[in-house]
Amino acid sequence: MKEELLQVRNLCTYFYTDTGVVKAVNDVSFMVERGQTVGIVGESGCGKSVMAMSIMRLIQNPGKIAAGQVLFKGRDLAGLTDKQIRRINGDRISMIFQEPMTSLNPVFTVGNQIAEVLLLHRNMSKRQARERTVELITTVGIPRAQGVFDSYPHELSGGMRQRIMIAMALACEPELLIADEPTTALDVTIQAQILELLGEIKKQYHMSIILITHDLGVIAEMADYVIVMYAGKVVERGSVKDVFMNPSHPYTCGLLKSKPQLDMENERLYTIPGQVPGLIELPDACHFYDRCEIRSSNCKKGFPGESLIEGSHFAACIKAGRHKNE
Amino acid sequence: MTRFYKVLALLLLMFSVSCYSMPFLRFKDYAALTGIDLITNLNRRIELENLARTAQIHVFRSTSTYLLLTLIFLLIALGLMICSTLKDCKKSLDAAILTIAAALVSYGLQLTNTETSVADFFGKILLSTKTGNGEIAYKPSEIIAATGIGARLLVVLCLLSMALIAGARIIAAYEKYSDSNIKTPWSMAMRQFVRNRLAIIGAAIIILLIILCFFGPVFSNYSLLKTNILTAKEGPGMEHLLGTDGSGRDILTRLMYGGRISLTVGFVVVVLEILIGAAIGGVAGYYGGRLDNMLMRVVDIFLSLPFLPVVIILGAVMSDLDVSPQRRIYFVMLIIGVLGWPMMARLVRGQILSLREQEYMLAAEALGIKDRHKIMRHLIPNVIPTIIVAATLAVGDAILSESALSFLGLGVAMPFPSWGNMVQAVRDTNDFMLRSWIWIPPGISIFITVLAVNFVGDGLRDAFDPKMKR
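How each quantity is defined
Residues numbered from 1 in each chain as written. Chains lettered and ligands numbered in written order. Predicted model: local features only at pLDDT ≥ 70, side-chain atom pairs only at ≥ 80, totals over all residues. Heavy atoms only, no water. pLDDT = per-residue confidence, 0-100. Helix = DSSP H or I, 4+ residues; strand = E, 2+ residues; numbered from the N terminus. Contact = heavy atoms within 4.5 Å. Phe/Tyr/Trp six-rings, centres within 6.5 Å; stacked < 30°, edge-to-face > 60°. Lys NZ or Arg CZ within 6 Å of the ring centre and 35° of its normal. Polar contact = N/O pair within 3.5 Å; in protein donor to acceptor, adjacent residues only side chain to side chain. Nonpolar A, V, L, I, M, F, W, Y, C, P; charged D, E, K, R; others polar. Salt bridge = Lys/Arg side-chain N within 4 Å of Asp/Glu carboxyl O. Buried < 20%, exposed > 50% of the residue type's maximum accessible area, 1.4 Å probe, protein only. Domains from an automatic or database assignment. Buried area = accessible area lost by both parts, 1.4 Å probe. Pairing = 2+ DSSP bridges. Axes fitted to C-alpha atoms, helices over the stretch in contact; angles between N-to-C directions. UniProt positions renumbered as here; feature names shortened; annotations may be inferred. Patch = residues over 30% accessible without salt bridge, like charges linked within 9 Å, V, L, I, M, F, W, Y side chains within 5 Å. Areas by Shrake-Rupley, 256 points an atom, 1.4 Å probe, with all protein chains shown as cover. Parallel < 35°, antiparallel > 145°, perpendicular 65-115°, else oblique. Left-handed = near helix turned anticlockwise from the far one by under 90°.

**Things to note about the confidence of the model for chain B**
Residue and element names in this part refer to chain B. Across chain B, the average pLDDT comes to 78, with 81% of residues at or above 70. Least confident of the elements in chain B is strand S4 (residues 57–61), whose mean pLDDT is 57; most confident is helix H9 (residues 289–303), at 90. Every residue in residues 110–120 is under pLDDT 50, and counting partners more than four places away or in other chains gives 40 contacts. Scoring of the predicted complex yields 0.73 for pTM and 0.74 for ipTM.

Okay, here's the thing in structure tokens:
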């Protein structure tokens, strides 16, 4: 029996801007088991990062978690006070950001920045924290850890900085690691190294990872379970194998088709026509309607509920599989 | 190499401690008092032959805590230096510089040298008279004393040894810097700064001025306030290097004391501006929202106050309240500081606003770091370069404001000198036309100081500007 670590139930994160309410995350539910890697994919602006930040309660004004629950080991994070959430953030749940270049404070040595977390959450003495930090820096595959401890962010390359960010996130051995596009800002060879590192670390610490990316290749390699998001909604979810072998939502099909393949004869890459719609005042219809290749008039009658394809594979499309309610 | 410096500095320090057995205070026709005397001999009776009979017996009451403090600091520094020469410890070297600096500060500390003479550096000379009922009363005496060779040597030796230790420290730091490949943001800014020749010249001028103004008076044989109408308005010569003013006071001496006031005002005002401005700007920028709005409106109000009229009114209020001339200087600092902080607050707020949106602040939040730590450890250090640059440039402004106020008779009041009120002499047409030595030196001093401060400020701005990196 697998243990449930994080359960997101009907999470809605809205931004109350002057031009209207932006429903960045709209009624999203999913679950992360212990030791599982969940990949979240989608185009830019479909609410992936906002969802990750909602889990850690990092949403700032004018954003707000409008409804829903984030149950972490049975405890609702959305209802905790700032003080309580701070004790969890960085300790039980931690996050790796997209931009390793700007996510480190330029005026501190990287070692001190990692040690700060340990001093805060683990009440270590300075010496202990230093030892542990050096250990961590070694763990994330940086040679000469003692020297790197005393260097400043600007002296390190992008890949090394991302490793430092990972070390920082790992400092307290969290149970859940949220990686928000950890490889997007890095070049391809470094990407592979970082992903490999994440995989190793996951095994070593037996933790769960939420991996946010728009790179389907990364998902295929790393994740056990995939969630495809579109315009703040989950449009398809299922195990990697199911989703890649049997994509059931036209959006997922589009994403998969637009992936370059070596054996592909076509000279042009497939693109999904159109763009992600603005998230203000979306009509009560399938959000993908305008770009869908298989749309029909029925698609305009409300947002389709999730239909079960098989096992744990769901898709939010009226044309996919049997409808759950039937 | 550094060892040689250190040993030399140690020797100099030993000498400067031994200076306490040399004369610190000279009276005409009387055996000089040594430094040790000044500390230990409370109520020492001295008789001066050539004075009028009534004033013959003086009691020297040493209230010289400054001198005692100086000795204590020097001894600590000596101990630290011995430590660092034996064990080659950098920390004790730093500490030694600091203690020597503290010794020098406590030695030169006396903003206004009141009453009679240089002797006030070391204690008070009081005249004892018998009252009707047989009790002895003390009152300030008028005898002039001058600093002895011991006091002068002490200053020179201390400064020299400090320079040597600083030299050793800089060499060591440079070696470490070129050895290791760790480049802190500070050391990189430092390197950029050192490359800027004008900034270095400016910094040298400022250091020189500070030394001159705070320790120069020790070498002067003239009193700050004692007037002597017989020598009034003498031109520059061997006796008075820069001549005398309308009341026969030595201009060089007054210039040095005036510089103390101007420089002190400059630095204190800026510290005040930073404390108020950075705190308010920081709070407004970090918390934002309604608090930000409120604080910034207060800033707007302060910025719309016309400087001169407000200051003139406050000056008039000060005169009305009979604030004593020595106290006025503190009020001047307060006024300039209180009127000057809004610019600093705006600057800091803007910086914090943009820093707050940086990814590392989000990362800090994601790591569960407390508000206090986020402000103190992550925001403030990133704002410091901006504050340093703005503050340096503000020092120049503050000195100018003080000079303007004193010139208008609203700041430091006669007979206490400040560069501003010394320039006042130009109002006398004769002095303006015929005796330029009275008003040109303070004017040039203001000009050079502010220019040097601006050079340093520009140099710092370039040094901290990431776009200037080469």
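**Thoughts on the packing of aromatic side chains**
Residues and elements named next belong to chain A. In total, this model carries seven aromatic pairs over all chains according to the counting rule given. By the ring-pair criterion, three or more aromatic residues cluster together here, those being Tyr230, Tyr251 and Phe288. Looking at Arg130, its charged tip hangs above the ring of Phe149, at a distance of 4.0 Å from the centre. A cation over an aromatic ring shows up here: Lys257 above the ring of Tyr270, its NZ or CZ 4.6 Å from the ring centre.

**Regarding the interface of chain B and chain A**
By a widespread convention, an interface's size corresponds to the accessible area lost as its parts come together. On the side of chain A, 29 residues touch chain B, which itself brings 22 residues to the contact. Applying the counting rule to chain B against chain A returns eight residue pairs in polar contact (both at pLDDT 80 or more). Elements with a minimum of two residues in the side of chain B that touches chain A: helix H6 (185–195), helix H12 (359–366) and helix H13 (371–407) of chain B. By residue class, the composition of the side of chain B that touches chain A is 10 nonpolar, six polar and six charged.

**Some words on the pattern of salt bridges**
This structure, assessed with the given rule, holds 20 salt bridges over all chains. Two residues, Lys202(A) and Asp224(A), come together in a salt bridge whose shortest N-O distance is 3.6 Å. Residue Lys202(A) is found in helix H7 (residues 188–205), and its partner Asp224(A) is found in the loop between helix H8 (216–222) and strand S9 (225–230); the two are separated by 22 residues along the sequence. Its salt-bridge partner being Arg461(B), residue Asp458(B) comes within 3.1 Å of it at the nearest N-O pair. Residue Asp458(B) and its partner Arg461(B) are both found in helix H16 (residues 440–464); the two are separated by three residues, about one turn of the helix. Looking at Asp458(B), the relative accessible area reads 31%, which means it is partly exposed. Here the residues in one salt-bridge network are Arg34(A), Lys73(A), Asp91(A), Arg92(A), Arg122(A) and Glu175(A), joined through shared partners.

**Some remarks on the domain arrangement of chain A**
Residue and element names in this part refer to chain A. Domain boundaries in chain A define domain 1 (4–92 + 174–323) and domain 2 (105–172). Distance from the C-alpha centre of domain 1 to the C-alpha centre of domain 2: 30 Å. Contact with domain 1, which involves 19 residues of that partner, is made by 15 residues of domain 2. For the pair domain 1 and domain 2, the two sides together bury roughly 1300 Å², of which 63% comes from carbon and sulfur. Counting across the domain 1 and domain 2 interface gives one salt bridge. Summed over the shared surface of domain 1 and domain 2, the result is five residue pairs in polar contact (both at pLDDT 80 or more).

**Describing the sheet that holds strand S12 (residues 313–315) of chain A**
All names here are of chain A. Taken in spatial order, the eight strands line up as S6-S7-S8-S3-S9-S10-S12-S11 in an open sheet, and their pairing is mixed. Each edge of the open sheet is held by one strand with a lone partner, namely strand S6 (93–96) and strand S11 (307–310). In this sheet, neighbouring strand axes are inclined to one another by 20 degrees on average, regardless of whether the strands run parallel or antiparallel. Examined bridge by bridge, strand S3 (residues 37–41) and S9 share four bridges and lie parallel to one another. Each residue of the ladder has a partner; that of Ile40, found in S9, is Ile227. Against the sheet, helix H6 (residues 158–170) engages S6 and strand S7 (176–180), with an angle of about 175 degrees to S6.

**Brief notes about the environment of Tyr16(A)**
Residue and element names in this part refer to chain A. With respect to the helices, strands and loops of the structure, Tyr16 is situated in strand S1 (residues 4–17). The exposure class assigned to Tyr16 is partly exposed, which follows from its relative accessible area of 40%. Considered as a pair, Tyr16 and Pro62 are 46 residues apart in the sequence and their alpha carbons are 5.4 Å apart.

**Notes on the UniProt feature "domain: ABC transporter" (unreviewed entry) in chain A**
Under the UniProt annotation, "domain: ABC transporter" (unreviewed entry) lies at residues 6–256 of chain A. Counted over residues 6–256 of chain A, helix gives 39% and strand 28%. Its end C-alpha atoms are 28 Å apart.

**So, the sheet that holds S1(A)**
Residues and elements named next belong to chain A. Spatial strand order, S2-S1-S4-S5: four strands in an open sheet with antiparallel pairing. Of all the strands in the sheet, the pair left with one neighbour each is strand S2 (20–33) and strand S5 (75–76). In this fold helix H1 (residues 48–55) packs onto S1, S2 and strand S4 (63–72), with an angle of close to 115 degrees to the strand it touches most, S1.

**A closer look at unusual backbone geometry**
Residues and elements named next belong to chain A. Within the chain, Lys73 stands out as a residue other than glycine whose phi angle is a positive 50 degrees. The residue Lys73 is located in the loop between S4 and S5 in this model. Phi at Arg144 takes a positive value of approximately 60 degrees, unusual for a residue other than glycine. By secondary structure assignment, the location of Arg144 is in the loop between helix H4 (126–139) and helix H5 (145–149). Look at Arg144 and you get exposed, because its relative accessible area is 58%.

**Notes on a nonpolar patch on the surface**
Residues and elements named next belong to chain B. A grouping of Phe4, Val7, Leu8, Leu11, Met14, Phe15, Ile82 and Leu86 is seen on the molecular surface, where their side chains present a nonpolar patch of about 770 Å² in accessible area. Every element with two or more residues in the nonpolar patch is listed here: helix H1 (2–18) and helix H3 (65–87). Top contributing element to the nonpolar patch by residue count: H1, with six residues.

**Observations concerning the packing of helix H7 (residues 197–215) of chain B against H16(B)**
Residues and elements named next belong to chain B. Between H7 and H16, the shortest axis-to-axis distance is 7 Å and the interhelical angle comes to 135 degrees. Classed by the angle they form, the pair H7 and H16 counts as oblique. Note that H7 runs across H16; the crossing there is left-handed. Two secondary-structure elements touch here, H7 through Leu198, Ala199, Gly202, Ala203, Ile205, Ile206 and Leu209 and H16 through Ile448, Thr449, Ala452, Val453, Phe455, Val456 and Gly459. Across the contact of H7 with H16, the residue classes break down as 11 nonpolar, three polar and no charged.

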